[in-house]
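Survey of secondary and tertiary structure
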Amino acid sequence: MSRPRPDYAYRTADKVLQDAERAKLNGDGDHLSSTRPQANPASRSPDLRERLIKPISAADLLTMDIEPPQMLVDELWAVEDCGYFAGEPKTDKTHTIFDFSLAIATGGRVFGHFQARRSGPVLIFLEETKPGEAQQRLDRHMRGREIRPSQVKDIHFVVQQRVRLDRERDQDQIRKLCQLYQPILTFFDPLVRMREGSENQPEDLNPVLTFLRELQVVHHTGVVLTHHLGKPEKEGNGRIRTA
């Protein structure tokens, strides 16, 4: 016959803390010093309960007064969102960046369909596209949309300057650019050319993701990475994904 589990096995963390505080007030906690070392008082948290992870129920979550996400581009991208465009080679990932940027800068539509709900500055880092190619692509997109040069003053390019997202000095300069231009969306194209670590090692990507999250939170900019997928097995099987 198994022995019953002791009562203390069922006590919650809050109950343990309450008992400890009660013992301290009653002078009953002195015996603890003989059984375990005392922590440095300077290192103690003012209230240990503040450090506990406290979930909320689904019912409570549904009743909370939370502002719904605001869309930057209808059905495609939320304000201050962070994600990527992923696709096989030659599937127009960079063209998609240009289309997004012009729609946001001018208050137009992405792909001629999805309305940009906010307009503002855009910052674009290109590491695979040459300056001449960037100029030609921008010119073609603008002529196709009948956009004048005066309408794109808030789109800013950094083209083939060997920027690395996991290099501290480059991170500092990107922070300064975000502070200067205050972009509502920032593009990094492509990820594989903008980091020192291996593309296939998740631990090498952690510093990059941490930095991009900082840009999102501190500078209130959305962040878009482009990512290369493997080459298609057959011709005409190209695709592009967003997330």
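Each remark here, short or long, concerns the structure printed above.
Notes on the structure follow. Source: prediction; values computed, not measured.

1. With respect to the packing of aromatic side chains
- In this structure the tally under the stated criterion is 8 aromatic pairs.
- The interplanar angle of 50° and the centroid separation of 5.3 Å between the aromatic rings of phenylalanine 85 and phenylalanine 100 together place this pair among those described as tilted. A residue pair is termed long-range when its members are at least 10 positions apart, and phenylalanine 85 in strand E3 (residues 82–87) and phenylalanine 100 in helix H3 (residues 93–106) qualify at 15 residues.
- Owing to a relative accessible area of 0%, phenylalanine 85 belongs among the buried residues under this scheme.
- Ring centres of phenylalanine 111 and phenylalanine 114 lie 6.5 Å apart, and the angle between their planes is 80°; this geometry places the pair in the edge-to-face category.
- Phenylalanine 114 gets classed as buried once you look at its relative accessible area, which sits at 18%.
- Through successive ring pairs, a cluster of aromatic residues spans Trp77, Phe85, Phe100, Phe111, Phe114 and Phe187.

2. Observations concerning the pattern of salt bridges
- Enumeration according to the criterion identifies 8 salt bridges in this entry.
- When the shortest N-O distance is used, the salt bridge between arginine 167 and aspartate 170 registers 2.8 Å.
- Between glutamate 214 and arginine 175 there is a salt bridge, and its shortest N-O distance comes to 2.5 Å. Linking glutamate 214 in helix H6 (residues 202–219) with arginine 175 in helix H5 (residues 168–181), this pair joins segments that are 39 residues apart in sequence.
- Beyond isolated ion pairs, a larger network of salt bridges with shared partners links Arg167, Asp170 and Glu196.

3. Brief notes about a nonpolar patch on the surface
- Taken together, the side chains of Ile56, Leu61, Met64 and Ile66 make up a nonpolar region of the molecular surface, amounting to roughly 390 Å² of accessible area.
- Locating isoleucine 56 in the fold gives a position in the loop between helix H1 (13–25) and helix H2 (58–63).

4. Digging into the nonpolar core
- Ranked by size, the top nonpolar core spans 27 residues in total, and within it Val73, Trp77, Phe100, Ile104, Leu185 and Phe187 carry the most contacts.
- Secondary-structure elements contributing two or more residues to this core are strand E1 (71–73), H3, strand E6 (122–126), helix H4 (131–145), strand E7 (155–159) and strand E8 (185–189).
- Counting residues per element, this core draws most heavily on H3, which supplies 7 residues.
- Excluding anything up to four places from it in sequence, isoleucine 104 contacts Leu72, Val73, Ala116, Arg118, Ser119, Gly120, Val122, Ile184 and Leu185.

Calculation notes
Residues numbered from 1 in each chain as written. Predicted model: local features only at pLDDT ≥ 70, side-chain atom pairs only at ≥ 80, totals over all residues. Heavy atoms only, no water. Phe/Tyr/Trp six-rings, centres within 6.5 Å; stacked < 30°, edge-to-face > 60°. Helix = DSSP H or I, 4+ residues; strand = E, 2+ residues; numbered from the N terminus. Buried < 20%, exposed > 50% of the residue type's maximum accessible area, 1.4 Å probe, protein only. Salt bridge = Lys/Arg side-chain N within 4 Å of Asp/Glu carboxyl O. Patch = residues over 30% accessible without salt bridge, like charges linked within 9 Å, V, L, I, M, F, W, Y side chains within 5 Å. Areas by Shrake-Rupley, 256 points an atom, 1.4 Å probe, with all protein chains shown as cover. Core = buried A, V, L, I, M, F, W, Y, C linked by side-chain atoms within 4.5 Å. Contact = heavy atoms within 4.5 Å.

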